[in-house]
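# Residue-level structural notes
Chain by chain, the residues:
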Amino acid sequence: MELHPYQRRVNYYETDQMSIVHHSNYIRWFEEARLDFLDQAGLNYRKMEATGIIVPVVDVSCRYHVSVRYDDVVDIYPKLVEYNGVKMTYRYEVRFHDTGVLAADGASSHCFLDEKRRPIILRRREPEIDARLRALVEKNT
């Protein structure tokens, strides 16, 4: 299965007075790209939530290289780089669609909780989801 980058055109409301994307929006874009990545891999987040699994963000970071501006089109490349059944880590690259130039990169870490917000071991609770996530990490290494 070939996964495609998440493509996004910058909206005016995402920019500051200089027409540069406000730094907080990159974190939102990471989330959008991550959910799209999971959808492409057959792991719809809404369906995961319906089984009682919650996947909160534990840590997130972003480095900015080149300013993205209003109406630019960017491709966001999420990559699942670590997964152990209890937590997972993604890395992201935000690249200009027309040139491929790196605009920003970052990472986010997540854990798995049940409906009562207690940590769970995914391979015990949902072995099929666990197997899919393990396959995505292996594909990316």
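Rules of the game
Residues numbered from 1 in each chain as written. Predicted model: local features only at pLDDT ≥ 70, side-chain atom pairs only at ≥ 80, totals over all residues. Heavy atoms only, no water. UniProt positions renumbered as here; feature names shortened; annotations may be inferred. Phe/Tyr/Trp six-rings, centres within 6.5 Å; stacked < 30°, edge-to-face > 60°. Helix = DSSP H or I, 4+ residues; strand = E, 2+ residues; numbered from the N terminus. Buried < 20%, exposed > 50% of the residue type's maximum accessible area, 1.4 Å probe, protein only. Expected span 1.5 Å × (residues − 1). Contact = heavy atoms within 4.5 Å. Core = buried A, V, L, I, M, F, W, Y, C linked by side-chain atoms within 4.5 Å. Pairing = 2+ DSSP bridges. Axes fitted to C-alpha atoms, helices over the stretch in contact; angles between N-to-C directions.

By the naming in an unreviewed UniProt entry, the chain is Acyl-CoA thioesterase, taken from Candidatus Avoscillospira stercorigallinarum. The heading Sequence similarities (unreviewed entry) in the UniProt record of the chain holds the text "Belongs to the 4-hydroxybenzoyl-CoA thioesterase family."

### Some thoughts on the packing of aromatic side chains
Within the structure shown, the criterion is met by seven aromatic pairs. On the basis of an interplanar angle of 90 degrees and a centroid distance of 5.9 Å, the ring pair of Phe37 and Tyr90 is categorised as edge-to-face. One end of the pair, Phe37, is in helix α1 (residues 24–40); the other, Tyr90, is in strand β4 (residues 87–96), with 53 residues separating them in the sequence. For Phe37, a relative accessible area of 4% corresponds to the buried category. Classification of Tyr90 as buried rests on a relative accessible area of 0%.

### Here we look at α1
The end-to-end C-alpha distance of α1, which contains 17 residues, comes to 25 Å, matching closely the 24 Å that a straight helix rising 1.5 Å per residue would cover. Residues Asn25, Tyr26, Trp29, Phe30, Ala33, Arg34, Phe37 and Leu38 constitute the buried set of α1. A positive phi of about 80 degrees marks Gly42, the residue just after α1.

### Examining the environment of Pro5
Its location among the elements puts Pro5 in the segment before β1 (6–9). Remark: the alpha-carbon pair of Pro5 and Tyr77, spanning 72 residues in sequence, is separated by 4.9 Å. Ignoring anything within four residues of it in the chain, the contact list for Pro5 reads Asp75, Ile76 and Tyr77.

### Points about the nonpolar core
Among the nonpolar cores identified, the biggest contains 33 residues, and Trp29, Val68, Leu80, Val94, Phe112 and Leu133 are the most heavily contacted of them. Of all the elements in the fold, those that place two or more residues in this core are α1, β3 (73–83), β4, β5 (102–111) and α4 (127–140). Of the residues forming this core, the biggest block, six residues, is contributed by α1. Setting aside residues no more than four positions away along its own chain, Trp29 makes contact with Arg8, Val10, Glu14, Val21, Val68, Val74, Ile76 and Val94.

### As for the sheet that holds β3
Sheet strands associate in pairs through backbone hydrogen bonding, adopting either a parallel or an antiparallel arrangement. Taken in spatial order, the five strands of this open sheet run β1-β3-β4-β5-β2, and their pairing is antiparallel. Of all the strands in the sheet, just β1 and β2 (57–64) have a single pairing partner and so form its edges. Geometrically, the sheet is characterised by an average inter-axis angle of 20 degrees between neighbouring strands, direction not taken into account. Two elements, β1 and β3, share four bridges in a ladder whose sense is antiparallel. Bridging from a neighbouring strand, Gln7 pairs with Asp75 of β3.

### Let's talk about the pairing of β4
Across nine bridges, the pairing between β3 and β4 is antiparallel. Bridge pairing in β4 places Lys79 opposite Arg91. Connecting the antiparallel pair β3 and β4 is a turn made up of three residues, with Gly85 showing a positive phi of about 90 degrees. What sits between the antiparallel neighbours β4 and β5 is a turn of five residues, in which Gly100 has the positive phi angle 80 degrees.

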